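Remarks on the overall topology
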Amino acid sequence: MSSRTPSGQVRTADERAVARHGWAHALVTVLGGLLAMAVVAALGLWAAGAADLPDGAFAPVVAATVVTAVGGTVELSGSAGDLADTQAGLTVIPLSVTLTGALVIAWGFLRPLRHRAVAGARELAGWAARIAALWLLALIGLALAARHTFDISLGNDALGELGDLFGASPRIGFTTDVPLSVFVGVVWLAGVLVLAVLVSRGAPLPGGLLRFQASVRPAAYAMVALLLACVAIGVVVALVVAVTRGHVAETFAVILLGMPNLVWLALTIGLGATWNGRVEGPFGLPMPRVLDEVLRTPDISELNLRTLAEHDGRVWWLLVVDAVLLLAAAFVMAARSPARVRAWQHAVHMAVALVLTVFMICLVGRISAHYGLSVLGIGDLGGGLAGELFLRPRLWGAVGLAVPWGLVTGFAGALLARRVRRRGEAGPVREH
């Protein structure tokens with residue numbers, strides 16, 4: 001169908017649909033996502049004590065946190081006078097901020113598309129391009145704002161006097177790799193928009209992709225539901241810990257900055273995966289304390305169910321929790337799938353989806369941080385200022401374990417969902 005504009009030009013249905021969600025709606029979507037991320041990052045950093053950073057560093061640190069949340073790169077630099085040297089590095093994604101931005105932007109992207117069965121590829125591409133163009137400009141501004149330099153006090157003891165004597169009072173700064181951060185941030189946005197279309201049953205697809213929705217959409221929805229359920233459970237546990245054991249500020253800092261980092265790590269460990277890591281110096285993992293205890297050793301440590309159970313036997317419950325959550329996700333996947341899909345196909349779909357999910361967690365869950373000060377070539381004079389923290393997965397082992405978990409729970413979930421009436425299933429025939 002077509003219609004005419006006031007000037008007499010003919011508009012197609014796709015063009016009219018694009019007009020309903022143009023630049024104004026795209027601007028609201030981008031600004032809403034950035035504002036939500038900035039608020040969560042600011043509150044989390046404030047709870048962590050970053051509001052006390054010197055020289056007005058709080059606002060640039062918030063901007064840097066948002067940049068890293070979408071995969072951007074923040075580069076640390078340091079100087080300590082002519083006779084001293086500093087080394088610093090930080091690689092971590094604050095996944096609470098990431099998740100907040102993804103949910104808000106996905107909602108804004110899907111809202112104009114609801115209540116429609118099919119959308120043209122031109123319409124979807126045009127709508128996504130509007131958001132991407134504004135997102136690109138916003139990322140450039142954030143990356144340029146995320147830079148600052150401030151002094152670090154060495155204290156009033158002999159170390160501080162030595163620093164003053166040699167002019168070695170350290171200064172640390174951070175900046176962003178603007179081109180790389182902008183590129184990765186746009187790729188992140190593309191991933192969010194694609195996943196939003198895949199997860200939402202009400203989002204329209206181009207006609208050529210409709211044949212894939214029966215296998216892809218239920219599995220994508222189940223994995224997103226699984227990840228969000230893990231976060232919800234983690235928040236409840238963290239709040240209980242805050243009420244019963246105190247440390248309220250630190251707990252809220254974890255919730256607002258890194259709750260998915262912890263609970264998705266726990267999800268992979270419950271599957272049997274192993275992460276390697278080490279904690280040295282003032283750095284530490286926020287909660288639970290058992291993680292810090294396992295990793296604070298002279299050598300590289302293994303983080304898995306066995307090593308954690310040596311410090312706290314309750315971690316074996318992760319195995320049970322994972323089994324229940326995966327079975328529930330498989331049931332949801334099967335219940336949202338057409339009735340013609342067989343149990344073994346559900347098992348394959350679940351295995352593929354879980355492999356991709358675990359692979360994503362292993363990529364975004366890595367942590368690396370180090371800082372050191374040396375004067376006249378003598379290293380680690382910073383004492384409490386020097387330290388190292390890193391955590392990285394045994395990737396292929398974790399991905400391999402996801403396969404049998406996915407196959408078993410996918411098949412079991414399909415059997416459980418047999419009693420649920422699904423799309424494409426005929427109702428009972430009544431005799432007259």
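If you check an unreviewed UniProt entry, the protein chain appears there as Streptophobe family protein from Streptomyces olindensis.

Turning our eyes to something else, we now look at the pattern of salt bridges. Evaluated as defined, the whole model comprises six salt bridges. Here arginine 306 ties to glutamate 302 by a salt bridge, and the two come within 3.2 Å at their closest N and O atoms. Look at arginine 306 and you get partly exposed, because its relative accessible area is 45%. Classification of glutamate 302 by relative accessible area gives partly exposed; the value is 29%. Residue glutamate 310 pairs with arginine 306 through a salt bridge whose shortest N-O separation is 3.4 Å. Each member of the salt-bridge network shares a partner with another, and the members are Glu302, Arg306, Glu310 and Arg394.

Our next topic: the packing of aromatic side chains. All chains considered together, the criterion is met by three aromatic pairs. On the basis of an interplanar angle of 25 degrees and a centroid distance of 5.6 Å, the ring pair of tryptophan 135 and tryptophan 188 is categorised as stacked. A residue pair is termed long-range when its members are at least 10 positions apart, and tryptophan 135 in helix α5 (residues 121-145) and tryptophan 188 in helix α7 (residues 178-199) qualify at 53 residues. The residues tryptophan 135 and tryptophan 188 share a single accessibility class, namely buried. Sitting above the plane of the tyrosine 221 ring, arginine 336 keeps its charged end 3.6 Å from the centroid.

Basis of the calculations
Residues numbered from 1 in each chain as written. Predicted model: local features only at pLDDT ≥ 70, side-chain atom pairs only at ≥ 80, totals over all residues. Heavy atoms only, no water. Salt bridge = Lys/Arg side-chain N within 4 Å of Asp/Glu carboxyl O. Buried < 20%, exposed > 50% of the residue type's maximum accessible area, 1.4 Å probe, protein only. Phe/Tyr/Trp six-rings, centres within 6.5 Å; stacked < 30°, edge-to-face > 60°. Helix = DSSP H or I, 4+ residues; strand = E, 2+ residues; numbered from the N terminus. Lys NZ or Arg CZ within 6 Å of the ring centre and 35° of its normal.

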